Amino acid sequence: MPEQPADPQTPRPGPSSEQLGLRKPVVIAAFEGWNDAGEAASQAVAHLHDVWGATELTEFDPELYHDFQVNRPTVSFDDDGVRRLTWPTTRISYVRLPEATRDVLLVRGIEPSMRWRTYAQEVVGVARAHGASLVLTLGALLADVPHTRPLPVTSSSEDPDLVEKLDIEPSRYEGPTGIVGVVQDAVTQADIPSVSLWAAIPHYVGQPPSPKGTLALLRRIEEMLDLSIPLEDLPEDARAWERGVDELAGEDSEIAEYVQQLEEAKDTADLPEASGEAIAREFERYLRRRDDGPRRG
């Protein structure tokens, strides 16, 4: 008799937080696909995985969630020349941050082709099994914003305590949603505190990569979690990306005029942000990164 697939209702969270020694972990999740303009969100989680040296914990069974004609497995060779087949799936990893008060679970996957409710419950199962104190879902969307200004990141939550504590708003969006919205709803229904962070990516240059969008998300995570994230080459990558778009706009007068209109609208809307509080917040972030140096967390 052929082997039966695992029960999709049973989460596979791996070892517990007690076994791993994790402290009130924060779950940071992003998903490639519809919710990931310029791949800014998924690259933010990939960046955290690399700079924090995350350890793989578990992964979801791809057979349950993916149409392999849409998201195909890939073939590659490892350093020893051995051929490897990699299946599209969702991977969970963990990070211990000695200088922080909480550790981190990273969730990086691909928007599933099927069984969205089961998939969302599996994410909830991982969060519950590890006693998550907070879930951050990351997304990126195409918007009418200029590439020459800091890319805005909106924060929303359905948790009244977090709305008041973080001075954010409940989401007012109505319309079609992606897996980020479904996971966010499942986490909320499970009474796990959660916040959704969305970076706005200029729609006229929405193809990946979008390092400036990734950088905006990481800086917002720094603020929310009160920690310093090693940014490595990302700021320079963001500047190079901006210069490249400048060159593109310089070759097309219509694009250049449109960008100027977006800049004027953005600058007018942001005038109240040029406050002492905003400047002090940016200065504190600079001091924290300078003092932390190369340390993790």
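Above this text sits the structure in question.
Attention in this report is confined to the structure presented alongside it. A quick note: this is a predicted structure, and the numbers were derived from the prediction, not measured. (Residues numbered from 1 in each chain as written. Predicted model: local features only at pLDDT ≥ 70, side-chain atom pairs only at ≥ 80, totals over all residues. Heavy atoms only, no water.)

Our focus in this paragraph is the sheet that holds strand S9 (residues 194-202). Spatially, the seven strands line up as an open sheet ordered S2-S5-S6-S1-S7-S9-S8, and their pairing is mixed. Unpaired on one side and paired on the other, strand S2 (55-59) and strand S8 (153-156) mark the two borders of the sheet. For this sheet the average axis-to-axis angle between neighbouring strands, irrespective of direction, equals 25 degrees. Judged from the four bridges that link them, S2 and strand S5 (residues 91-95) form a sheet pairing that is antiparallel. Bridge pairing in S5 places glutamate 56 opposite serine 93. In this fold helix H5 (residues 179-189) packs onto strand S1 (26-32), strand S7 (134-143) and S9, with an angle of close to 165 degrees to the strand it touches most, S9. (Pairing = 2+ DSSP bridges. Helix = DSSP H or I, 4+ residues; strand = E, 2+ residues; numbered from the N terminus. Axes fitted to C-alpha atoms, helices over the stretch in contact; angles between N-to-C directions. Contact = heavy atoms within 4.5 Å.)

Here we come to a negative patch on the surface. A cluster of acidic residues, Asp246, Glu247, Glu251, Asp252, Glu254 and Glu257, forms a negative patch on the protein surface. Secondary-structure elements contributing two or more residues to the negative patch are helix H7 (234-250) and helix H8 (253-270). Mapped onto the secondary structure, glutamate 254 falls in helix H8. Using a relative accessible area of 64% as the deciding quantity, one classes glutamate 254 as exposed. (Patch = residues over 30% accessible without salt bridge, like charges linked within 9 Å, V, L, I, M, F, W, Y side chains within 5 Å. Areas by Shrake-Rupley, 256 points an atom, 1.4 Å probe, with all protein chains shown as cover. Salt bridge = Lys/Arg side-chain N within 4 Å of Asp/Glu carboxyl O. Lys, Arg positive; Asp, Glu negative; His and termini not counted. Charge placed at Lys NZ, Arg CZ, Asp CG, Glu CD. Buried < 20%, exposed > 50% of the residue type's maximum accessible area, 1.4 Å probe, protein only.)

Now for the environment of glutamate 236. Tracing the backbone shows glutamate 236 in helix H7. Glutamate 236 sits 24 residues away from lysine 212 along the chain, and the two C-alpha atoms are 9.5 Å apart. A polar contact of 3.2 Å, which involves the side chain of glutamate 236, links it to the side chain of arginine 239. A polar contact is formed between the side chain of glutamate 236 and the side chain of arginine 243, at a distance of 3.0 Å. (Polar contact = N/O pair within 3.5 Å; in protein donor to acceptor, adjacent residues only side chain to side chain.)

Here we take up the nonpolar core. Residues Ile28, Trp52, Leu136, Leu138, Ile221 and Ile229 are the most contacted members of the largest nonpolar core, which totals 44 residues. Put simply, the parts of the chain that give this core at least two residues each are S1, helix H2 (40-51), strand S6 (104-110), S7, helix H4 (160-166), S9, helix H6 (211-225) and H7. Here the element with the most residues in this core is H6; it accounts for seven residues. Residues contacting isoleucine 221, with those up to four places away along its chain left out, are Ile28, Leu48, Leu136, Leu138, Leu197, Asp226 and Ile229. (Core = buried A, V, L, I, M, F, W, Y, C linked by side-chain atoms within 4.5 Å.)

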